[in-house]
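Remarks on the overall topology
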Amino acid sequence: MTFLEDLLNDLPKLVDRMRRHDVRHVSLKNGAGALALTLPPAPTSNPEQTPPISYPAKAKDTPVPSPEMGVFRSNGLDETHPVRSGEIVGFVEAGPLRLPVTATADGTLGPALVGDGGVVGYHDVLFRIHPDG
Amino acid sequence: MREPAVSVPRRVLIANRGEIALRITRACRLLGLHSIGLHSEADASLAHLRLVDETICIGPAAASGSYLDAARVLRAAELTNADIIHPGYGFLSENADFAEAVEQSGRTLAGPTAAIMRLMGDKISAKQQMRRSGVPCLPGTEDALPTDLSEAQTICDAIGYPLIVKAAGGGGGRGMRVVMTAADLRDAIETAREEAGRAFGNPSVYAERFLQHPRHIEMQVLADRQGNAVWLGARDCSIQRRHQKLVEEAPAIGIDPQAIAELGERCANACTLMGYTGAGTFEFLYEDGAFSFIEMNTRLQVEHPVTEMTTGIDIVREQLLIAMGEPLSFTQADIRTQGHAIECRINAEDPESFRPAPGKVQSWRAPGGPGVRIDTHLYDGYVVPPNYDSLIAKLIVHGTDRTDALNRMHAALSEMQITGIATTTPLHLRLMNEPGVREGGVSVHYLEALMRKSAP
């Protein structure tokens, strides 16, 4: 495994740690490999303090589509995870590319509709986001 | 000692849409194969996707980002572990680069090899191959016309006028110019070259004698990987508009069956000589009792059902069996043709102007009765998208003879109901009563002349 492959496999953990330490941008370099990662603004509230939210109806849920046809890689997020629009919530491997799946709205992310390693189509719905409030 | 287990390919990716995707799905189900339907984002509600074992959306509505995107189709094959890719017709079905990529991925394309596609895709090399195989060709240039216009003029003068300048890599009327006199030649070559370069990325053109009132006659063949090849009879596809067929029938009337049989034998032999595999069609112009090769379609044809109806052979099933490595289950001696079959292409188009008419199908009522077959992906509420070919249904009838088939077609067209969008049905109804069609044997110019005559 190359430096970049290792790093890409650990990307969900890295994103998590950056969030916890309020780091929005990181540049890493090792030999021929380099990675620059910029995260969207973090959610204003602490996820751990967010009270569980009950879903009255699914009508207003916002779908989170797969950016491409490929293999879904989970970020390990659970269904009560609060997200902000633009936040990375998983990845899709499309050939040599590992593409981020980003939240399409602020709210509470539902469970992944596809298991880790599952085949997904172009713009298949991977999650639903329930609006807060 | 037990033979090592050989894995038989059983997972078929259907790399097409519409009625032909449904047709292939049915053949897969008949053979108990695992079918995988790919589709664009605009096509998630296609009829065959309810019948296949798996589906995958491969890209946006635009065909360039979905059905025509070879990399995406191949990725879909990888992700779904498909063994066989059936390309149907159109899209990637005659793309030799795609066929080569399929071969390199270790999969099987339901069709000939990439090398054969290239050989037949280039009209010059195809004609050379046909001449070697004894298939009749029009008098014309052996190679591409030289770039020097004076040299080209000398060659064309020797062929005689009228002649036609055609794109080596083309089809469908593009890169094609009819030259009535020697004075018009240079302009025709230059414009055909320019058009061919733009349309096909290959500016090479060739010239051959131009027939003024030919019929379009074509020969269906099937060839397996064991070197067996058969011909399944001729079709007459002369009712066309701008090189697009509208009505097809089998057999071709008014042509000596012995002449058809001799042509069929030559076509089957040509398949064996070049190592052709799968279904294919040799297209000819027919005038004054002579056949002249135009091109070979190295794929399934839209009009294959009329041959299925007259021979009783399921061509798509045979294609899949050939792709699975099976030998043909019948010989030439087993093939018999019976009765007469006609197909009308029902397009979502204005029947007068032929402008595409996409939109929502409010209601769809299929015709029925003895000898009536409908190949379609229509259902109530189906929305015909504007992104693709306008073919929405193929109405096929089989009668005891041609008159019976024409009558059955008229009755079936009258019974069929498609509301919400314009279709070519009124034109077909009219055609079934036209004296030229009733008599049969019209030329490829018949329909356009008829439309001109009836224009206000």
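Scroll up to find the structure this text is about.
For the structure given in this document, a descriptive report is provided here. It should be emphasised that the depicted structure is a prediction, and the values quoted were computed from it without experimental measurement. (Residues numbered from 1 in each chain as written. Chains lettered and ligands numbered in written order. Predicted model: local features only at pLDDT ≥ 70, side-chain atom pairs only at ≥ 80, totals over all residues.)

1. Things to note about the overall build of chain B
Within chain B, the secondary structure is distributed over 14 helices and 20 strands. The C-alpha atoms of chain B give a radius of gyration of 22 Å, which matches the 23 Å a tight globule of 456 residues would have. Dimensions of chain B along its principal axes, counting C-alpha atoms only, are 65 × 60 × 45 Å. Buried positions account for 50% of the 456 residues belonging to chain B. (Helix = DSSP H or I, 4+ residues; strand = E, 2+ residues; numbered from the N terminus. Rg over C-alpha atoms; globule rule 2.2 N^0.38 Å. Buried ≥ 20, exposed ≤ 12 C-beta atoms within 10 Å, placed from the backbone.)

2. Considering the overall build of chain A
When its secondary structure is counted, chain A shows two helices and 10 strands. Scanning chain A from its N terminus toward the C terminus, one meets helices and strands in the order α-α-β-β-β-β-β-β-β-β-β-β. Split into buried and exposed, the 133 residues of chain A put 25% on the buried side. Within chain A, counting contacts between residues at least 6 apart in sequence, those at least 24 apart form 59% of the total. (Contact = placed C-beta atoms within 7 Å.)

3. A short note on the interface of chain B and chain A
Counting from both sides, the interface comprises 10 residues of chain B and, opposite them, seven residues of chain A. Elements supplying a minimum of two residues to the side of chain B that touches chain A: strand 3 (54–59) and helix 2 (70–79) of chain B.

4. Topic: the nonpolar core
Note on soluble globular proteins: their nonpolar side chains tend to be buried together. All names here are of chain B. Counting 130 residues, the largest nonpolar core has Leu 13, Val 221 and Cys 267 as its most contacted members. Those residues within four positions of Leu 13 in sequence are excluded, and the remaining contacts are Ile 36, Leu 38, Ala 76, Ala 77, Thr 80, Ala 82 and Ile 85. Core analysis: the second largest hydrophobic core is formed by 18 residues, Ile 164, Ile 189, Tyr 206 and Phe 210 among them. (Core = buried A, V, L, I, M, F, W, Y, C linked by C-beta atoms within 7 Å.)

5. Overview of the environment of Ala 94 of chain A
Residues and elements named next belong to chain A. Inspection of the secondary structure assignment puts Ala 94 in strand 6 (residues 88–94). Note on Ala 94: 19 C-beta atoms within 10 Å, which makes it partly exposed. Setting aside its immediate chain neighbours within four residues, Ala 94 contacts Glu 68, Met 69, Gly 70 and Leu 99.

6. Looking at the sheet that holds strand 4 (residues 70–74) of chain A
The strands that make up a sheet pair up through hydrogen bonds in the backbone, lying either parallel or antiparallel. If you walk across this open sheet you meet the four strands as 7-6-4-9 (chain A), and the pairing is antiparallel. Whereas interior strands pair on both sides, the edge strands pair on one side only; in this sheet they are strand 7 (97–102) and strand 9 (119–120) of chain A. (Pairing = 2+ DSSP bridges.)

7. Here's the deal with unusual backbone geometry
Residue and element names in this part refer to chain B. Of note, the amide linkage connecting Tyr 161 to Pro 162 takes the cis form, showing an omega dihedral of 0°. As for its placement among the helices and strands, Pro 162 is situated in the loop between helix 6 (149–159) and strand 6 (163–167). With an omega dihedral of -5°, the bond running from Ala 250 to Pro 251 counts as a cis peptide bond. Positive phi values are uncommon outside glycine, yet Asp 288 reaches one of about 50°.

8. Quick notes on the sheet that holds strand 3 of chain B
Residue and element names in this part refer to chain B. The parallel open sheet is built from five strands, whose spatial order is 3-2-1-4-5. The open sheet has two free edges, formed respectively by strand 3 and strand 5 (108–109), since each of these has just one partner strand. Examined bridge by bridge, strand 1 (residues 11–14) and strand 2 (residues 34–40) share four bridges and lie parallel to one another. Bridge assignment links Ile 14 to a residue of strand 2, and that residue is Gly 37. Against the sheet, helix 1 (residues 18–31) contacts strand 1, strand 2 and strand 4 (84–86), and its axis sits at roughly 165° relative to strand 2. Set on the sheet, helix 2 makes contact with strand 1, strand 2, strand 3 and strand 4; between it and strand 3 the angle comes to about 150°. (Axes fitted to C-alpha atoms, helices over the stretch in contact; angles between N-to-C directions.)

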